Amino acid sequence: MSADATPSSGPADSAAETAVLAGPAASAVSDVPPGFRRFRAGSGFIAVNGPLYFLHEGAKFRLGFRVEARHCNPMGICHGGMLATFADMLLPMGTVMQVKELHDRFLPTVSLQVDYIGPARLGDWVDGEMQVLRTTRAMVFAQGLVKSGGAIALRCSGVFKIGPVIDREALAAAGRI
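None of the values given here were measured: they were computed from a predicted structure.

### A word on the packing of aromatic side chains
In step 1: Under the criterion given, the structure shown has three aromatic pairs.
In step 2: Here Phe36 and Trp125 contribute two aromatic rings whose centre-to-centre distance is 5.2 Å and whose plane-to-plane angle is 75°, an arrangement assigned as edge-to-face. Placement of Phe36 in the loop between helix 1 (15-21) and strand 1 (37-38) and of Trp125 in strand 5 (residues 125-135) is noted, with a sequence separation of 89 residues between them.
In step 3: Note on Phe36: relative accessible area 2%, which makes it buried.
In step 4: Given a relative accessible area of 11%, Trp125 falls into the buried group.
In step 5: Pairing Phe65 with Phe86 gives two aromatic rings, centres 5.2 Å apart and planes at 55°, and the pair type is tilted. A residue pair is termed long-range when its members are at least 10 positions apart, and Phe65 in strand 3 (residues 60-66) and Phe86 in helix 3 (residues 80-98) qualify at 21 residues.
In step 6: On the accessibility criterion, Phe86 (1% relative accessible area) is buried.
In step 7: Ring pairing ties together the aromatic residues Phe36, Tyr53 and Trp125, which thus form one cluster.

Here it is in structure tokens:
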């Protein structure tokens, strides 16, 4: 696999995954676990809060980041707002990768529940996995667990509206991806 190739998950791969998730191999970054690749956020809120990294193999999708000083409160613990932001990326991104019919859809958040269980300390690798519980014609229900340094840091669940098809060409032209 070349450094810029998207991880293969077989027939479920899509142009959407290549367009949104392809980036330089994360193995080039020494503090990112093997197999994770950088998520290209473009501009905006997520670009400022990242970098985020993903691993997509078959039906498994994981999202992660390294806790930096800018993510922390004065105690050197990752701020709950950063962890909630991470959960709000994990659930819809994982859904888009796992549910073929939603690969090119925008999934705005309707509801997000986050239960903080343990700390994510400065320097920790934070890594989340998720599962889709149910999809309807208009909504997606998902849940996830996020670990920090191997210990559970939070659990999350969310409801997401199945929004419009994402016009990637328009977003790219506007410099947003």
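Next, the rest of the story.
### Remarks on the pattern of salt bridges
In step 1: Summed over the entire model, instances satisfying the criterion amount to four salt bridges.
In step 2: The salt bridge partner of Arg70 is Glu68, with a shortest N-O separation of 2.6 Å.
In step 3: For Glu68, a relative accessible area of 29% gives the class partly exposed.
In step 4: Here Asp115 makes a salt bridge to Arg155, at a shortest N to O gap of 2.8 Å. With Asp115 in strand 4 (residues 109-116) and Arg155 in strand 7 (residues 151-161), the pair connects residues that are 40 residues apart, well separated along the chain.

Reading the values: rules and limits
- Within any chain, residue numbers begin from 1 and follow the written order of that chain's sequence.
- Only residues with pLDDT of at least 70 are given local features in this predicted model, and only at 80 or more are side-chain atom pairs given and counted; all residues enter the totals for whole chains, interfaces and linings.
- Hydrogens and waters are ignored; side-chain quantities use all the structure's heavy atoms.
- In this scheme Phe, Tyr and Trp rings, the latter by its six-membered ring, pair at centre separations within 6.5 Å, and the angle between planes marks the pair as stacked below 30 degrees, edge-to-face above 60, and tilted otherwise.
- Helix numbers and strand numbers start at the N terminus; a helix is a DSSP run of H or I with at least 4 residues, a strand a run of E with at least 2.
- Each residue is placed in one exposure class: buried if its accessible area under a 1.4 Å probe, protein chains only, is under 20% of its type's maximum, exposed if it is over 50%, and partly exposed if it falls in between.
- The term salt bridge refers to a pairing of a side-chain nitrogen on Lys or Arg with a carboxyl oxygen on Asp or Glu at a separation within 4 Å.

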